[in-house]
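# Observations on chain architecture
Okay, here's what each chain looks like letter by letter:
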Amino acid sequence: MSVLFRCAFHGFQDTLYTHSNRQFYRDCDITGTVDFISAMPPSCSKTATSSPGNRRPTTPTYLGRPWKDYSTTTVIMQSDIGPFLRAPGWISWVSGVDPPATLFYAEYQNTGPAANVDGRVRWAGYRPALTVDEAERFTVGSFIRGSEWLPATTVTFQSTL
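We now turn to the structure provided with this report. None of the values given here were measured: they were computed from a predicted structure. What you see as residue numbers is a count from 1 along each chain, following the sequence as written. Reporting of local features is limited, given that this is a predicted model, to residues whose pLDDT is at least 70; pairs of side-chain atoms are given and counted only at 80 or more, and all residues count toward the totals for whole chains, interfaces and linings. Excluding hydrogens and water, the side-chain figures rest on all heavy atoms present in the structure.

## Details of the overall build of the protein
In terms of helices and strands, the protein carries three helices and ten strands. Counting all 161 residues of the protein, 30% fall into the buried class. Counting only contacts in the protein whose residues sit at least 6 apart along the sequence, the fraction spanning at least 24 positions is 52%. Accessible areas in this description were obtained via Shrake-Rupley with a 1.4 Å probe; residue shielding takes into account the shown protein chains only. Total accessible area on the protein stands at roughly 9500 Å², and carbon and sulfur atoms take up 52% of it. For helices the rule is a DSSP run of H or I covering at least 4 residues; for strands it is a run of E covering at least 2, with both sets numbered from the N terminus onward. Note on exposure labels: buried denotes an accessible area under 20% of the residue type's maximum, exposed denotes more than 50%, and partly exposed covers the range between, all computed with a 1.4 Å probe on protein chains only. We call two residues in contact when some of their heavy atoms are within 4.5 Å.

Dropping the structure here:
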């Protein structure tokens, strides 16, 4: 179990590699150019709050891309999505090839200039709008059982939606 609070991770490619166990990121800047947050399936659990401030990417920016056949679960929820995000939201590993239907990518109650999901990808494994019950599975309390271990860290968190 790891807590990272008010940290900055700046790199080029694969800036942050979340391998396993429970991790909680609060008020962190995580930036890079290519695949800057990477995860090792299936045991990775993470909740991230990234605040890029006024920096705006100069290259096409997406929420994520499935890595070949090794796609994991990615849920972007209750986040402010700035104007820099491209309308499709997500990008294929190989241009023009839909990812495996086994991936689970979703969005829930996001705000901001690029939060509109109307122009998002139409992949079999993508959900543009989770229900409340579905989103609850990915909260700090449910997904990483944060209520059991985060209080000892004194870092504030919200365990439910």
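After that view, the rundown keeps rolling.
## Thoughts on the sheet that holds strand 9 (residues 104–108)
At least two DSSP bridges between two strands are required for those strands to pair. Within the open sheet, the three strands sit side by side as 8-9-10. Their pairing is parallel. With one partner strand each, in any of the chains shown, strand 8 (73–77) and strand 10 (126–127) form the two edges of the open sheet. Judged from the five bridges that link them, strand 8 and strand 9 form a sheet pairing that is parallel. What sits directly across from Met77, in strand 9, is Tyr108.

## Structural notes on the nonpolar core
Residues Ile76, Ile81, Leu85, Trp90, Leu103, Tyr105, Ala114, Val121, Trp123 and Tyr126 constitute the largest nonpolar core, which totals ten residues. When neighbours within four sequence positions are excluded, Tyr126 is seen to be in contact with Trp90, Leu103, Tyr105, Ala106, Glu107, Val117, Arg120 and Val121. Working definition of a nonpolar core: buried Ala, Val, Leu, Ile, Met, Phe, Trp, Tyr and Cys residues. They are joined through side-chain atoms within 4.5 Å.

## Side note on the packing of aromatic side chains
Side-chain rings of Phe, Tyr and Trp, where Trp is taken by its six-membered ring, are said to pair if the distance between their centres is within 6.5 Å; with planes under 30 degrees apart they count as stacked, over 60 as edge-to-face, and otherwise as tilted. Tallied over the entire structure, the rule returns seven aromatic pairs. Both rings, one in Phe24 and one in Phe157, keep their centres 6.5 Å apart while their planes meet at 75°; by these two values the pair is edge-to-face. Residue Phe24 is found in strand 4 (residues 21–26), and its partner Phe157 is found in the segment after helix 3 (146–149); the two are separated by 133 residues along the sequence. Exposure remark for Phe24: the relative accessible area of 4% places this residue in the buried category. The class of Phe157 is partly exposed, set by a relative accessible area of 26%. Centre to centre, the rings of Trp90 and Tyr105 are 4.6 Å apart; their planes meet at 35°, and the pair counts as tilted. With Trp90 in the loop between strand 8 and strand 9 and Tyr105 in strand 9, this residue pair connects regions lying 15 residues apart in the sequence. In this structure Tyr105 comes out as buried when scored by relative accessible area, which is 4%. Aromatic ring contacts, followed pair by pair, group Trp90, Tyr105, Trp123 and Tyr126 into a single cluster.

## Observations regarding the pattern of salt bridges
Oppositely charged side chains can pair when the atoms bearing their charge come close. Counted as salt bridges are all cases of a side-chain nitrogen of Lys or Arg within 4 Å of a carboxyl oxygen of Asp or Glu. Inspection of the entire model under this criterion finds four salt bridges. The closest approach of N and O atoms between Arg120 and Glu107, which form a salt bridge, is 2.8 Å. Taken together, the residues Arg120 in the loop between strand 9 and strand 10 and Glu107 in strand 9 connect sequence positions 13 residues apart. Considered together, Arg120 and Glu107 belong to a single accessibility category, that of buried residues. The residue Glu148 makes a salt bridge to Arg145 at a minimum N-O spacing of 3.5 Å. A residue is classified by how much of its surface remains accessible, and Glu148, at 59% relative accessible area, is exposed. Classification of Arg145 as partly exposed rests on a relative accessible area of 41%.

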